[in-house]
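# A closer look at the structure
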Amino acid sequence: MDPSLPRPEYPRPKLTRPEWLNLNGPWEFAFDDSDAGRTEGWSDGRALPQQIIVPFPYQSDRSGIGDRGIHPIVWYSRSVEVPETWRDGSVLLHFGAVDYRTTVWVNGREVGHNRGGHTPFSFDIARYLQAGANRITLRVEDRQDAHQPRGKQASSGLPSGIDYYCTTGVWQTVWLEPAPALRIDQLQTDACADEDIIRVRVFLHAPSTSWDLEVEASDGETIVARGSRTGAGAVADVRLEIPDAKRWSPETPHLYSLRVRLLRNGEILDEVGSYTGLRTVGLEQGRFVLNGKPTYLAMILDQGYWPESYLAAPSDEALKADVEWIKRFGFNGARKHQKIEDPRWLYWCDRLGLLVWGEMPNARAWTSEAEELLLAEWERAVRRDRDHPCVVAWVPVNESMGLPDLRDSHPGQHAFLERMVAATRQLDPTRPVIDNDGWEHTDVTDILAIHDYTPSAAALRERYRETLAGGPLPPRTWTGSRAIFASGSRYQGQPIMLTEVGGFLLVPDLPPDQLDRLYRVYDSFRTPEELLRKYHDLMEGLAQLSFVSGFCYTQLTDIEQEINGLLTYDRRPKIDPDQVAALHRRLFRAPE
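Residues numbered from 1 in each chain as written. Predicted model: local features only at pLDDT ≥ 70, side-chain atom pairs only at ≥ 80, totals over all residues. Heavy atoms only, no water.

## Some details on the packing of helix 2 (residues 316–328) against helix 3 (residues 343–352)
One can describe the packing of helix 2 onto helix 3 by two numbers: an axis separation of 9 Å at closest approach and a directional angle of 45°. On the basis of their axis angle, the class for helix 2 and helix 3 is oblique. At the point where helix 2 passes helix 3, the crossing takes the right-handed sense. Residues Asp316, Leu319, Lys320, Val323, Glu324 and Lys327 of helix 2 pack against Arg344, Trp345, Trp348, Cys349 and Leu352 of helix 3. Residues belonging to the contact of helix 2 with helix 3 are distributed by class as follows: six nonpolar, no polar and five charged. (Axes fitted to C-alpha atoms, helices over the stretch in contact; angles between N-to-C directions. Helix = DSSP H or I, 4+ residues; strand = E, 2+ residues; numbered from the N terminus. Parallel < 35°, antiparallel > 145°, perpendicular 65-115°, else oblique. Left-handed = near helix turned anticlockwise from the far one by under 90°. Contact = heavy atoms within 4.5 Å. Nonpolar A, V, L, I, M, F, W, Y, C, P; charged D, E, K, R; others polar.)

## Considering the sheet that holds strand 26 (residues 391–395)
Backbone hydrogen bonds are what pair the strands of a sheet, in a parallel or an antiparallel way. Pairing in this open sheet of seven strands is parallel, and the strands run 26-25-24-23-31-28-27 from one edge to the other. The open sheet has two free edges, formed respectively by strand 26 and strand 27 (448–451), since each of these has just one partner strand. Looking at each pair of strands side by side, their axes are set apart by 25° on average, direction ignored. Note that strand 23 (residues 297–302) and strand 31 (residues 548–554) share four bridges and pair parallel. Directly across from Met299, in strand 31, lies its bridge partner Cys552. Taken strand by strand, helix 3 contacts strand 23, strand 24 (333–336), strand 25 (355–359) and strand 26, and its axis lies near 155° from that of strand 25. The strands touched by helix 8 (residues 528–543) are strand 28 (496–502) and strand 31; relative to strand 31, the strand with the most contacts, the crossing angle is about 160°. (Pairing = 2+ DSSP bridges.)

## Details of the pairing of strand 19 (residues 267–276)
The pairing of strand 18 (residues 256–264) with strand 19 spans nine bridges and is classified as antiparallel. When the bridges of strand 19 are listed, Arg261 appears paired with Glu271. Counting the residues between successive antiparallel strands, the hairpin from strand 18 to strand 19 contains two residues, one of them, Asn265, with a positive phi of roughly 55°.

## Section: helix 5 (residues 411–427)
Taking 1.5 Å of rise per residue, the 17 residues of helix 5 would be expected to cover 24 Å, and the 25 Å separating its terminal C-alpha atoms lies within 8% of that figure. Here helix 5 has its buried residues at Gln413, His414, Phe416, Leu417, Met420, Val421, Ala423 and Thr424. The secondary structure elements touched by the buried residues of helix 5 are helix 4 (368–385) and strand 26. (Expected span 1.5 Å × (residues − 1). Buried < 20%, exposed > 50% of the residue type's maximum accessible area, 1.4 Å probe, protein only.)

## Let's talk about the sheet that holds strand 13 (residues 183–192)
If you walk across this open sheet you meet the three strands as 13-14-17, and the pairing is antiparallel. One side of each edge strand has no neighbouring strand; the edge strands of this open sheet are strand 13 and strand 17 (235–241). For this sheet the average axis-to-axis angle between neighbouring strands, irrespective of direction, equals 20°. Two elements, strand 13 and strand 14 (residues 197–205), share nine bridges in a ladder whose sense is antiparallel. Directly across from Asp190, in strand 14, lies its bridge partner Arg199.

## Some remarks on the environment of Pro253
Counting through the fold element by element, Pro253 comes out in the loop between strand 17 and strand 18. We classify Pro253 as partly exposed; its relative accessible area is 22%. Sequence separation of Pro253 and Arg351 is 98 residues, and the distance between their C-alpha atoms is 6.2 Å. Residues contacting Pro253, with those up to four places away along its chain left out, are Trp248, Asp350, Arg351, Leu352 and Gly353.

## Observations concerning the side chain of Gln303
Its location among the elements puts Gln303 in the loop between strand 23 and helix 2. The exposure class assigned to Gln303 is buried, which follows from its relative accessible area of 2%. For Gln303, the side chain forms a polar contact with the side chain of Tyr164, separated by 3.0 Å. Of note is the side chain of Gln303, whose polar atom sits 2.6 Å from the side chain of Gln555. Gln303 has contacts with Lys152, Tyr164, Leu311, His337, Lys339, Gln555, Ile559 and Glu562, leaving out every residue within four places of it along the chain. (Polar contact = N/O pair within 3.5 Å; in protein donor to acceptor, adjacent residues only side chain to side chain.)

## Thoughts on the packing of aromatic side chains
Using the criterion set out here, one finds 26 aromatic pairs in the structure. Measuring from ring centre to ring centre gives 5.0 Å for Tyr164 and Tyr305, while their planes differ by 70°; the resulting arrangement is edge-to-face. Here Tyr164, found in the loop between strand 10 (133–141) and strand 11 (169–170), pairs with Tyr305, found in the loop between strand 23 and helix 2; they are 141 residues apart in sequence, far enough to count as distant. Note on accessibility: Tyr164 and Tyr305 belong to one class, buried. Through successive ring pairs, a cluster of aromatic residues spans Trp27, Phe29, Phe31, Tyr58 and Tyr76. A cation over a ring is seen here: Lys14 above Tyr275, with NZ or CZ 4.3 Å from the ring centre. Its end group placed over the ring of Trp345, Lys336 keeps NZ or CZ at 4.1 Å from the ring centre. (Phe/Tyr/Trp six-rings, centres within 6.5 Å; stacked < 30°, edge-to-face > 60°. Lys NZ or Arg CZ within 6 Å of the ring centre and 35° of its normal.)

## A short note on helix 8
Taking 1.5 Å per residue as the helical rise, helix 8 with its 16 residues ought to reach 22 Å, and the 22 Å between its terminal C-alpha atoms agrees with that figure. Within the span of helix 8, buried status applies to Glu530, Leu531, Tyr535, Leu538, Met539, Gly541 and Leu542. Down the axis, helix 8 shows its buried residues gathered within 160° of arc, on one side only. Facing away from the buried side of helix 8, by more than 90 degrees, are the exposed residues Glu529 and Arg533. Residues of helix 8 that are buried make contact with helix 6 (457–463), strand 28, strand 30 (524–525), strand 31 and helix 9 (577–587). (Arc of directions from axis to C-beta.)

## Quick look at the pairing of strand 17
Burial along strand 17 is one-sided: the residues Ala236, Val238 and Leu240 are buried and none of Val235, Asp237, Arg239 and Glu241 is. One ladder, built from seven bridges, connects strand 14 with strand 17; its direction is antiparallel. Across the sheet, residue Arg199 finds its bridge partner in strand 17, namely Arg239.

## Observations regarding the pattern of salt bridges
Here the structure, examined in full by the defined rule, presents 46 salt bridges. One salt bridge in this structure joins Glu500 and Arg335, with 3.1 Å as the shortest N-O distance. Here the residue Glu500 occupies a position in strand 28, and Arg335 occupies one in strand 24, the gap between them amounting to 165 residues. On the basis of relative accessible area, Arg335 is assigned to the buried category, the value being 0%. Where Glu341 meets Lys336, a salt bridge forms, and the shortest distance between an N and an O atom there is 2.8 Å. Classification of Glu341 as buried rests on a relative accessible area of 3%. Assessed through its relative accessible area of 2%, Lys336 is described here as buried. One salt-bridge network, held together by shared partners, links Glu214, Glu216, Arg226, Arg259, Arg261 and Glu271. (Salt bridge = Lys/Arg side-chain N within 4 Å of Asp/Glu carboxyl O.)

What follows is the structure, given as structure tokens:
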């Protein structure tokens, strides 16, 4: 691969094949504000007037365009020559993420559609290819629709409050991959650390006839376990017993490599690579338990924005660096907030050792169709990420976003929230599910995750004075505007965590009337010394809340007007990470 291309690394670390073609880099591009492209036949592969650098959204500077305006329909096109040796089987055209509705043509022929802005999709385009140059064309529609899952993309298109510039179109890697017509389509690994067993479920793109499978697990260069299955159907399980198994944890993020082969009559038809880690996750006596040990979750809110590229990571090195910063500050986990992050970030969390709460980008308005859009894409996200050992919890909804009438006991929205939890558990019964991170919880949430921006230790002690004395939790959030539980629900003994705290904002050199409304919600500071002092006091206060089993500090980096990161937007620390890490070690060691 050409290392000069943006994002040259292999984009799908949990299912690898040796051959692939990176389609990042320059594409032809056009805005279509009047929606004329369909009727004028732009899908025929004609040249488009502008150039964009994929995979960066047109709003960002890295795209080469940097237009922050609202353009609801955009087109992409480029030529590509496919190696002749690929023509005997399938040629898969992959998109890591394209926001929001996508139609794809190859050589003027429509090959498929996708709806959803945060999860991958692909098409087999082999039948549409021709010798020599081939034209790939995309039409992407991303309207300012509050009903579609959008996370922190402002429906106005302009940053304000907790929302930022939008990301329209391609924002993760586009790539081609040759694969056999009959092939391994998906892997699902369940690492049973209690039994030192890895179970690999193999999904085939093949009929349910009779296939042979071979699976190997390696520790470094040494094969430590082999398993096989003969006469398998299109879905089959292979069990591997791991001798002297090593556990995965943030302190020792040990991973086992996997190699899976599909055979018929002794001939290898397909072979893919993957990896996994052995660890257990549970909840016991009000605590989060990792590998059988109570583990205090000291997390940070990470929204995954960059000043030059917004939701699209500028490089693999940038994804890795964010994980390294989090660990250097002494956090053992991150709540990836309102974003389904690039799989390479999860790879680095697996590799370097960081616990992750996976969270769905929510809509901002409610209809029955909005429910289905959210659920459909959330299920795809859970399927994509469930095999990462770093992921230890799921968050389908945050702060009632897209469910605005939960506060007024809307029965349909309450029922939908519980349905999201049930659907998540059906896909993955091994991890806790937080129904609605922040407030208005139902009875079925596994963790009571409360957002509380009380700014000091003294104020925290006063707020929770009755709870510390053995009484109930306060019924409402720190501002008094939201109930902790949705109407009719109550505390059921779950672990209690304060999953948004702090948020100390730097006061810019502006007149008070020009400050963002966030300054009426969060506490603020003017100097690094003041930030460190306030952070230290807040952590001391959290440590004194004996009923709390974890926290999440807001946040890792500044983003646009929300300048409350421990790092600036361009990733420079505001306070000494080593001092923060030492404070965390002193206050939040898990009990032995």
